[in-house]
Amino acid sequence: SKYSKEDIMRMVEDEDVEFIRLQFTDIFGMLKNVAITAGQLEKALDNRCMFDGSAIEGFVRIDESDMYLYPDLDTFEVFPWRPQQGKVARFICDVYNPNGTPFSGDPRYVLKRAVKRAQDMGYVLNVGPECEFFLFHTDEEGRPTTSTHEMAGYFDVSPIDLAENVRRDIVLNLEEMGFQVEASHHEIAPAQHEIDFQYTDALRAADNIMTFKMAAKTIAKRHGLHATFMPKPREGMNGSGMHINMSLSDKEGRNLFADDQDALRLSRDAYYFMAGILRHMKAMTILTNPLVNSYKRLIPGFDAPIYIAWSPTSNRSSLIRIPSPRGESTRIELRCPDSAMNPYLALAACLSAGLDGIEKKIGLPACVEGNMFTMEPEELRERNVERIPETLGDAIEAYNGDSFMKEVLGEHIYTKYLEAKEQEWRDFRAQVTDWEVSQYLYKY
Ligand code: ADP
Ligand code: MG
Ligand code: MG
Ligand code: MG
Ligand code: MG
């Protein structure tokens, strides 16, 4: 690992760090933390910091509530946006039981388990996420709204793009925290933005996604704006996705998806990996697209995929697209995920599904070229192209009882997740929406 305990002690001393946040992520992808003072650092480094697990949704019952936080030393970072005297730093932590075993409800553990399995097969998964979000105004009380006076679109420049300085500020802060930001730009919808950072191994990438969201929200707030990763905040406009670019490499870092002998210059492993994802896609959609609202984004006409298919070209209507770069940049792009996902669970599912494809040598269905949004249902049926779940209810149905998902997530998370999503769907179905009232009240 990058840092030893001694390195950390020295950095905390030299950098005048006063507070340290011990962070972790709950099952539903919410970042949690407890702050300790620098005086407690040794205790934290000895894995002796504890919290009450029963206070966290989806974690444990009251009678087994002591949980321990084991800091991952390599995740030590100082928050650049906090005071520069008496600084604030953080660790991302693993959650452990009092008896020293990893807590099965810790999503980071689920991903670590999948990563270990890949490692045993000789693979490293590399992940590059593309993070989209909206910057909206807040009202007089500081509450977030969905309004903006911005009217810019894809790749627009200032002065039309009003958030140039916010994006700049987010990027600079991320770079100070060790991110290599590759690109940032205005997205298609008004007030919508994208920031892309460099790919890295799956665990780091999931940590980075959590850090990114925290940083974006914090910096936006300093500019008087609310950064939201809600998948579809406004009807009739593009929603925010989080495309996941993936490739496998060996321990030496050689890209194992590249093969110059192949017509598409893709390897057998790349095809199997895609086939695995396509096979398990329906059951894992609830992880990549976890909210009632996620499915409002997955409709035709807004660049979001709706069919379970792959395409070797720049076909943006397909679920998996192969971006044109080859060689070290050979990768597949999964286009359905949105940033409401828990990145640890979603990446664990993608990796495990891909490995299943490799292990079972699952055959890849023929690719689908052309715009699927405009194809007739009949044509799609002929090609055996299935739709991804249309609602959270459909996603629950595909997930419920799926033995593969149970194995990937473990019994604890599998069950807690199912229960919570069933409740969410029941709550939603009980709502009478504005749309219904406006459509039906007068006419019926
Ligand atoms: P798009 O063309 O879909 O807009 P972007 O250029 O915005 O894609 O993002 C590309 C992402 O893919 C970046 O995060 C980049 O680091 C990542 N990437 C590049 N090469 C690889 C690779 N070999 N494996 C995984 N991800 C990669
Ligand atoms: Mg992009
Ligand atoms: Mg791009
Ligand atoms: Mg985009
Ligand atoms: Mg993309």
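Note that the structure is a prediction, hence the values are computed from the model and not measured.

Each value, and the rule that gives it
- Residues numbered from 1 in each chain as written.
- Chains lettered and ligands numbered in written order.
- Predicted model: local features only at pLDDT ≥ 70, side-chain atom pairs only at ≥ 80, totals over all residues.
- Heavy atoms only, no water.
- Donors = N, O, S within 2.8 Å, 3.2 Å for Na, K, Ca; no water.
- Helix = DSSP H or I, 4+ residues; strand = E, 2+ residues; numbered from the N terminus.
- Phe/Tyr/Trp six-rings, centres within 6.5 Å; stacked < 30°, edge-to-face > 60°.
- Pairing = 2+ DSSP bridges.
- Axes fitted to C-alpha atoms, helices over the stretch in contact; angles between N-to-C directions.
- Buried < 20%, exposed > 50% of the residue type's maximum accessible area, 1.4 Å probe, protein only.
- Near = heavy atom within 4 Å.
- Polar contact = N/O pair within 3.5 Å; in protein donor to acceptor, adjacent residues only side chain to side chain.
- Areas by Shrake-Rupley, 256 points an atom, 1.4 Å probe, with all protein chains shown as cover.
- Parallel < 35°, antiparallel > 145°, perpendicular 65-115°, else oblique.
- Left-handed = near helix turned anticlockwise from the far one by under 90°.
- Contact = heavy atoms within 4.5 Å.
- Nonpolar A, V, L, I, M, F, W, Y, C, P; charged D, E, K, R; others polar.
- Core = buried A, V, L, I, M, F, W, Y, C linked by side-chain atoms within 4.5 Å.
- Expected span 1.5 Å × (residues − 1).

Topic: the coordination of the magnesium ion (ligand 2)
Right, so step 1: Protein coordination at the magnesium ion (ligand 2) comes from E130 (OE) and E194 (OE), with a distance range of 2.1 to 2.2 Å.
Right, so step 2: Between the magnesium ion (ligand 2) and the magnesium ion (ligand 3), a separation of 3.8 Å is found. Placement of E130 in strand 6 (residues 124-137) and of E194 in strand 8 (residues 192-197) is noted, with a sequence separation of 64 residues between them.

Thoughts on the packing of aromatic side chains
What describes a pair of aromatic rings is the distance from one ring centre to the other and the angle between the planes of the rings.
Right, so step 1: Per the counting criterion, the structure on display carries 18 aromatic pairs.
Right, so step 2: Relative to F91, the ring of F76 has its centre 5.3 Å away and its plane inclined at 50°; by these criteria the two rings are tilted. Of this pair, F76 sits in strand 4 (residues 66-78) while F91 sits in strand 5 (residues 87-96); the two residues are 15 residues apart in sequence, bridging distant segments of the chain.
Right, so step 3: One aromatic cluster is present, built from ring pairs that chain together F133, F179, F197, F212 and F229.

Brief notes about the sheet that holds strand 4
Right, so step 1: Strand order across the open sheet formed by five strands is 2-1-5-4-3, with mixed pairing between neighbours. One side of each edge strand has no neighbouring strand; the edge strands of this open sheet are strand 2 (31-37) and strand 3 (49-52). For this sheet, the mean inter-axis angle between neighbouring strands, taken without regard to orientation, is 40°.

Section: the coordination of the magnesium ion (ligand 4)
Geometry reference: four tetrahedral donors at a metal, ideal angle 109.5 degrees. Six octahedral donors, ideal angles 90 or 180 degrees.
Right, so step 1: Bound to the magnesium ion (ligand 4) on the protein side are E132 (OE), E187 (OE) and E194 (OE), at distances that span 2.0 to 2.3 Å.
Right, so step 2: Each donor residue of the magnesium ion (ligand 4) belongs to the same chain, and together they define the spacing E-x54-E-x6-E.
Right, so step 3: In this structure, the magnesium ion (ligand 4) lies 4.1 Å away from the magnesium ion (ligand 2), the two metals sharing E194 as a donor. In this pair, E132 sits in strand 6 while E194 sits in strand 8, placing the two residues 62 residues apart along the sequence. E194 matches E132 in its accessibility class, with the two residues each being buried.

Focus: the site of ligand 1
Right, so step 1: Surrounding ligand 1, one finds 19 residues, the nearest of these being D196, F197, S247, R321 and E333.
Right, so step 2: Within the side chain of N245, an N or O atom sits 3.5 Å from an oxygen atom of ligand 1.
Right, so step 3: Side-chain polar atom of R321 to an oxygen atom of ligand 1: 2.9 Å apart, as the coordinates give it.
Right, so step 4: Across the complex, the protein chains shield 84% of the 590 Å² of accessible surface that ligand 1 would expose by itself.
Right, so step 5: Those elements that place two or more of their residues in the shell around ligand 1 are strand 6, strand 8 and strand 11 (242-249).

Side note on the packing of helix 6 (residues 268-288) against helix 8 (residues 343-360)
Right, so step 1: Packing of helix 6 against helix 8 brings their axes to within 6 Å, and their N-to-C directions diverge by 140°. In terms of orientation, helix 6 lies oblique with respect to helix 8. Where helix 6 crosses over helix 8, the handedness of that crossing is right-handed. Only L345, A346, A349, C350, L351, A353, G354, L355, D356, G357 and I358 of helix 8 make contact with helix 6, whose side of the interface consists of D269, Y272, F273, G276, I277, H280, M284, L287 and T288.
Right, so step 2: Along the lines of polarity and charge, the residues of the contact of helix 6 with helix 8 split into 13 nonpolar, five polar and two charged.

Regarding the nonpolar core
Right, so step 1: Counting residues in hydrophobic clusters, the biggest one holds 105 residues, and the most contacted among them are F212, M246, F273, I277 and L409.
Right, so step 2: Residue contacts for F212: discarding those within four places in its chain leaves C131, F133, I170, L174, F179, I195, F197 and F229.
Right, so step 3: Ranked by size, the runner-up nonpolar core spans 27 residues in total, among them F51, M67, L73 and V78.

Here we look at the pairing of strand 3
One face of the sheet, then the other: side chains in a regular strand alternate in exactly this way.
Right, so step 1: Side chains of strand 3 alternate between two faces, with C49 and F51 buried and M50 and D52 left unburied.
Right, so step 2: Two elements, strand 3 and strand 4, share four bridges in a ladder whose sense is antiparallel. Across the sheet, the residue bridging to D52 is D66, located in strand 4.

Topic: the environment of A191
Right, so step 1: Examined against the element boundaries, A191 turns out to sit in the loop between strand 7 (181-186) and strand 8.
Right, so step 2: Separated by 54 residues in the primary sequence, A191 and H137 place their C-alpha atoms 9.7 Å from one another.

Let's talk about the packing of helix 6 against helix 11 (residues 403-429)
Right, so step 1: Closest axis-to-axis distance for the helix 6/helix 11 pair is 11 Å, and the angle between their directions is 50°. Judged by the angle between their axes, helix 6 and helix 11 are oblique. Two packed elements cross with a definite hand, and for helix 6 against helix 11 that hand is left-handed. Every residue of helix 11 that contacts helix 6 at H280, A283, M284, I286 and L287 is listed here: F404, M405, L409, Y417 and K421.

A few points about helix 5 (residues 202-222)
Given 3.6 residues to a turn, an α-helix orients residues that are three or four positions apart in the same direction.
Right, so step 1: Its 21 residues place the ends of helix 5 30 Å apart at the C-alpha level, agreeing with the 30 Å of an ideal helix rising 1.5 Å per residue.
Right, so step 2: The element helix 5 is extensively covered by neighbouring structure, given that 16 of its 21 residues are classed as buried.

Focus on the side chain of D72
Right, so step 1: Position of D72 relative to the elements: it lies in strand 4.
Right, so step 2: Among the polar contacts made by the side chain of D72, one reaches the side chain of R108 at a distance of 2.8 Å.
Right, so step 3: Leaving out residues up to four positions away in the same chain, D72 has contacts with F91, I92, C93, R108 and R204.

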